[in-house]
Amino acid sequence: MTFSNSKSRNQTASQIFKIFLANPRIKVSWVKAHAGNIGNERGDQLAEDAPQYGQPYSLTKLPKPHIKGLLRKSMLEEWQTSCKNGDTGRKIYNIMPSVSLRSTNWVIEDVIFFSQHGSFPAYLKSFHLSDSDYCSCGGIDTALHCATECIFTVSWHMMSPVPNFEQEWLKRVANNLVPRHKIRMIVKFISENRELFRPP
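Not measured: the values here are computed from a predicted model.

Definitions and limits used
Residue numbers here run from 1 along each chain, matching the order of that chain's written sequence. The predicted nature of this model means local features are confined to residues of pLDDT at least 70 and side-chain atom pairs, given and counted, to a pLDDT of 80 or more, with totals for whole chains, interfaces and linings taken over all residues. Side-chain figures throughout are based on the complete set of non-hydrogen atoms in the structure, without hydrogens or water. Helical segments are the DSSP runs of H or I of at least four residues, strand segments are the runs of E of at least two, and each set is numbered from the N terminus. Based on C-alpha atoms, the radius of gyration is set beside the globule rule, defined as 2.2 Å times the residue count to the power 0.38. The classification of residues rests on relative accessible area computed with a 1.4 Å probe and restricted to protein chains. Under 20% of the type maximum is buried, over 50% is exposed, and intermediate values are partly exposed. Should any heavy atoms of two residues lie within 4.5 Å, those residues are considered in contact. Note that accessible areas follow from Shrake-Rupley with a 1.4 Å probe, and for residues the cover is restricted to the protein chains shown. The sign given to each residue is positive for Lys and Arg and negative for Asp and Glu; His and the chain ends receive no count. Charge positions are represented by NZ for Lys, CZ for Arg, CG for Asp and CD for Glu. In this description, the arc belongs to the directions extending from the helix axis to the C-beta atoms. Here a polar contact is taken to be a pair of N or O atoms separated by no more than 3.5 Å, where protein atoms must pair a possible hydrogen donor with a possible acceptor and residues adjacent in sequence count only if both atoms sit in side chains. A carboxyl oxygen of Asp or Glu within 4 Å of a side-chain nitrogen of Lys or Arg is what we treat as a salt bridge.

Draft legend 1. Layout of the overall build of the protein. Counting its secondary structure elements, the protein contains 10 helices and zero strands. The helix and strand sequence of the protein, counted from the amino end, reads α-α-α-α-α-α-α-α-α-α. Over its C-alpha trace the protein gives a radius of gyration of 33 Å, far above what one expects of a compact globule, namely 16 Å for 200 residues. Overall size of the protein, expressed as C-alpha extent along the three principal axes, is 100 × 35 × 30 Å. Expressed as a percentage of the 200 residues in the protein, the buried residues total 22%. Within the protein, contacts between residues at least 6 apart in sequence are counted, and of these 42% link residues at least 24 apart. Carbon and sulfur atoms make up 56% of the accessible area of the protein, which totals about 15100 Å². With 25 positive and 17 negative side-chain charges, the protein shows a separation of 16 Å between the mean positions of the two kinds.

Draft legend 2. Highlighting helix H8 (residues 166-174). Taken residue by residue, H8 has Trp169, Leu170, Val173 and Ala174 as its buried positions. The arc that holds the buried residues of H8, viewed along the axis, is 130°, so those residues lie on one side. Contacts from the buried residues of H8 go to helix H4 (90-95), helix H5 (108-115), helix H7 (143-148) and helix H9 (177-192).

Draft legend 3. Quick peek at unusual backbone geometry. Its identity as a non-glycine residue notwithstanding, glutamine 116 has a phi of 60°, on the positive side. The residue glutamine 116 is located in the loop between H5 and helix H6 (121-126) in this model. For asparagine 164, which is not glycine, the phi torsion reads 75° and is therefore positive. Tracing the backbone shows asparagine 164 in the loop between H7 and H8. Judged by its relative accessible area of 81%, asparagine 164 falls in the exposed class.

Draft legend 4. Focus on the environment of leucine 129. Looking at the element boundaries, leucine 129 is found in the loop between H6 and H7. By relative accessible area, which is 62% here, leucine 129 ends up exposed. In this structure, the C-alpha to C-alpha distance between leucine 129 and glycine 89, residues 40 residues apart in sequence, is 20 Å.

Draft legend 5. Seen up close, the side chain of threonine 153. Its place among the elements puts threonine 153 in the loop between H7 and H8. There is a polar contact of 3.3 Å between the side chain of threonine 153 and the side chain of histidine 157. Ignoring anything within four residues of it in the chain, the contact list for threonine 153 reads Cys146, Ile186, Phe189 and Phe197.

Draft legend 6. Fine view of the pattern of salt bridges. In the structure shown here, the tally under the stated rule is three salt bridges. Across the pair arginine 180 and aspartate 110 runs a salt bridge whose closest N-O atoms are separated by 3.7 Å. In this pair, arginine 180 sits in helix H9 while aspartate 110 sits in helix H5, placing the two residues 70 residues apart along the sequence. A relative accessible area of 7% means that arginine 180 is categorised as buried. A salt bridge links aspartate 110 to arginine 184; the nearest nitrogen and oxygen atoms lie 2.8 Å apart.

Encoded structure:
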């Protein structure tokens, strides 16, 4: 048995060995398992309960990389749950439903367009920062309008999404550098020419 070895590096085994040395009247003998011996049955039950109620890492020194990995995994799971069940950031979540520590290489113009938080009149009106959600060209001024319909951004237009597939369109654009470059140009143009887009 492990605890009968005085040179064992197992801390629990060493403690048991010291107890035996200090108490020579203690006798150890083999007991048949599952034979109705009350003490043995109780010992089995305690052994089964130990992982659930004990402290499995209290006597174990884990390597730092392992601990970091456990913490990273726990943090990502908590972050994912928060994003999935949250009330905010739904537009970005619908494009990127999985959280990640990897960089998306998005610039501020990408964030403005895909979150649709910017100087778009439709967004400003929802916060009572504008009296109208119309563009001066006559359309409802959303990020999608600017990217596909607005006469002021025609140089960077992309094909309009098929009805009811706007979300898929946004995902494709988000994962393609050429459309994302067009979006950046559109957002920059709008931010530099805000007066042009305001309805009369």
